[in-house]
Every structure is written in structure tokens, then in C-alpha cells.
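Single-letter residue listing:
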Amino acid sequence: MGQALFIVTIAFILTNLFYFFRNKTYKKGYFSTALFLNLFFVLTGILIGFAILYYLLSLNRVILVTSLSSREPFDPDFLDLLYFSGVTILSVGYGDMLPVGIARFFALIESGVGVLLPTAYFIKALDSSRGNDE
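Residues numbered from 1 in each chain as written. Predicted model: local features only at pLDDT ≥ 70, side-chain atom pairs only at ≥ 80, totals over all residues. Heavy atoms only, no water.

**So, unusual backbone geometry**
One non-glycine residue with positive phi stands out, namely Ser91, at about 55°. Positionally, Ser91 belongs in the loop between α3 (78-89) and β2 (98-99). (Helix = DSSP H or I, 4+ residues; strand = E, 2+ residues; numbered from the N terminus.)

Here it is in C-alpha cells:
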């Protein structure tokens, strides 16, 4: 039963995404498929790049802890670092892994990129749509 609900839920999400991209009413708005895909791939590349950076940093020292009070080291593998990079760039920040040392600096930069880059793309989309109206 649980597996069937899981499959139905995934199908529901995919159907909604398909509908969104096939529905032509968004063309009257400011949405640009090319800009969206460009942003998606750039953010994915940056996410993977930071995950590799965190991995390289973790080879020499502890860069993640489970909490600041206990400072218990978190021994991550690459998938954990990919997850940490994802929640950092998307500014989700669940708090299950906390950066320490130099990783705090890089997490701050990644978080800033995760906020500013979509903003820049949004402004670009608005600017290009205004240019088409004139």
C-alpha cells in the first residue's frame, strides 16, 4: 500500500510539472523556459562543486558537527556532503549537519549564491519581458 501511494504521489508531481510546461498560459507572463533550465543547471553545477569542495576539506579535518553544543563530529561521505550542499544552497538548513571551521565561510558563500543567483535570473527575466513589450 505504501509503495503504491509513493508511486501515485510521484506521478502526481510529474503530472503537475508536465502540465505547467505544456500549458501555454504562462507564455503571457514572465516565465522563460530557457532561463529556468539555465538557472537549474547552473545551480546544480554549483551545488556539486561545493559538495566536492566540502569533500576535499573533510579529508584533512572535521568540517561538520551534529550540534554546536555537543560538537560531535559528523563523518560524512560524498552523498552526505551533496545533501549538505543542497540544503545550504537552497537555504533550507535543516540543522542536522552544521559546518565548523573554514567550512562555515564556504557555506556562507554558497548560501549567498543560492539567494542571489535566482534573484539575478528573475530580474533578467523581467527585464527581457519588458523589452518585448516596448
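Picking up after the structure, the text goes on.
**Digging into the packing of aromatic side chains**
Counted by the stated rule, this structure contains six aromatic pairs. Here the aromatic rings of Phe50 and Tyr54 are separated by 6.1 Å at their centres, their planes lie at 40°, and the arrangement is tilted. Taken together, the residues span about one helical turn, with Phe50 and Tyr54 both in helix α2 (residues 33-58) at a distance of four residues. Taking 6.2 Å as the distance between ring centres and 80° as the angle between the ring planes, the aromatic pair formed by Tyr55 and Phe78 counts as edge-to-face. Of the two residues, Tyr55 is situated in helix α2 and Phe78 in helix α3; the sequence distance between them amounts to 23 residues. Using a relative accessible area of 35% as the deciding quantity, one classes Tyr55 as partly exposed. For Phe78, a relative accessible area of 33% translates into the label partly exposed. Put simply, the rings of Phe50, Tyr54 and Phe84 touch in pairs and so form one group of aromatic residues. (Phe/Tyr/Trp six-rings, centres within 6.5 Å; stacked < 30°, edge-to-face > 60°. Buried < 20%, exposed > 50% of the residue type's maximum accessible area, 1.4 Å probe, protein only.)

Note that every value here comes from positions in space, so none of it alone points to a role or purpose.
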